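One-letter residues, chain by chain:
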Amino acid sequence: MGIYSFFVCRDFRSHRSALFDGIEEGGIRGSVYSSREIHEHENDQAVDSLHDRVSILKRVCDIHEEVENHNWMLDRMGNDMDTSRGFMSGTVDKFKMVFETKSSRRMATMVASFIAVFLLLYYVTK
């Protein structure tokens, strides 16, 4: 008897016992469940249902916390953008003041030229 025939035989016995599970010698055993068993089965189903609902509520609660965190980050980013906008408008105002006079324009052109020459020499020597 090989391993395969052992498993087939064992599988056959389990199916046979499942098929004849309630039949005893001399007649059929009564399959009437007591009210306690019925209530216990209903309670088990209610507990399973409650477990499913709690799992769903937990997922919803996790989503709520995630949304709250994202809203907080967006608010903070909006405030940072407002601050940056204020700095940029101040810088633009200062540039406007510098370029209003002709001598300031010449000075800015000269500084820009020196920076460009410096960068060109840096990249050429590198």
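One numbering rule holds for all chains: residues counted from 1, following each sequence as written. Local features are withheld for residues below a pLDDT of 70 in this predicted model, meaning they are given only at 70 or higher, and side-chain atom pairs are given and counted only at 80 or more; totals for whole chains, interfaces and linings count all residues. Heavy atoms from the whole structure form the basis of all side-chain values; hydrogens and water molecules are not counted.

(A) Local environment of the packing of aromatic side chains. Ring geometry is summarised as follows: Phe, Tyr and Trp rings, the Trp one being its six-membered ring, pair when their centres sit within 6.5 Å, and such pairs are stacked at plane angles under 30 degrees, edge-to-face over 60 and tilted between the two. For the structure shown, the criterion picks out 1 aromatic pair. Note on Y122 and Y123: the rings are 5.5 Å apart at their centroids and 70 degrees apart in plane angle, and the pair reads as edge-to-face.

(B) Structural detail: the pattern of salt bridges. Each reported salt bridge corresponds to a side-chain nitrogen of Lys or Arg within 4 Å of a carboxyl oxygen of Asp or Glu. The full count for this structure, using the stated rule, is 2 salt bridges. The residue E40 makes a salt bridge to R36 at a minimum N-O spacing of 3.8 Å. In this pair, E40 and R36 both sit in helix 2 (residues 35-100), 4 residues apart, roughly one turn of the helix. Relative accessibility decides the category of a residue: with a 1.4 Å probe and only protein chains considered, values under 20% of the type maximum give buried, values over 50% give exposed, and everything between is partly exposed. Looking at E40, the relative accessible area reads 42%, which means it is partly exposed. Its relative accessible area of 63% is what places R36 among the exposed residues. Only DSSP runs of H or I reaching four residues or more are called helices, and only runs of E reaching two or more are called strands; each is numbered from the N terminus.

(C) Main features of the confidence of the model for the protein. Confidence scores labelled pLDDT are given residue by residue by the predictor and lie between 0 and 100. Residues of the protein with pLDDT of at least 70 account for 73%, and the chain-wide mean is 76. The secondary-structure element of the protein with the lowest mean pLDDT is strand 2 (residues 27-28), recorded at 47, while helix 3 (residues 102-125) shows the highest, at 87. Long-range and interchain partners of residues 24-31, a stretch whose pLDDT sits below 50, account for 5 contacts in this model, where long-range means more than four residues apart. Any two residues whose heavy atoms approach within 4.5 Å at even a single point are treated as in contact.

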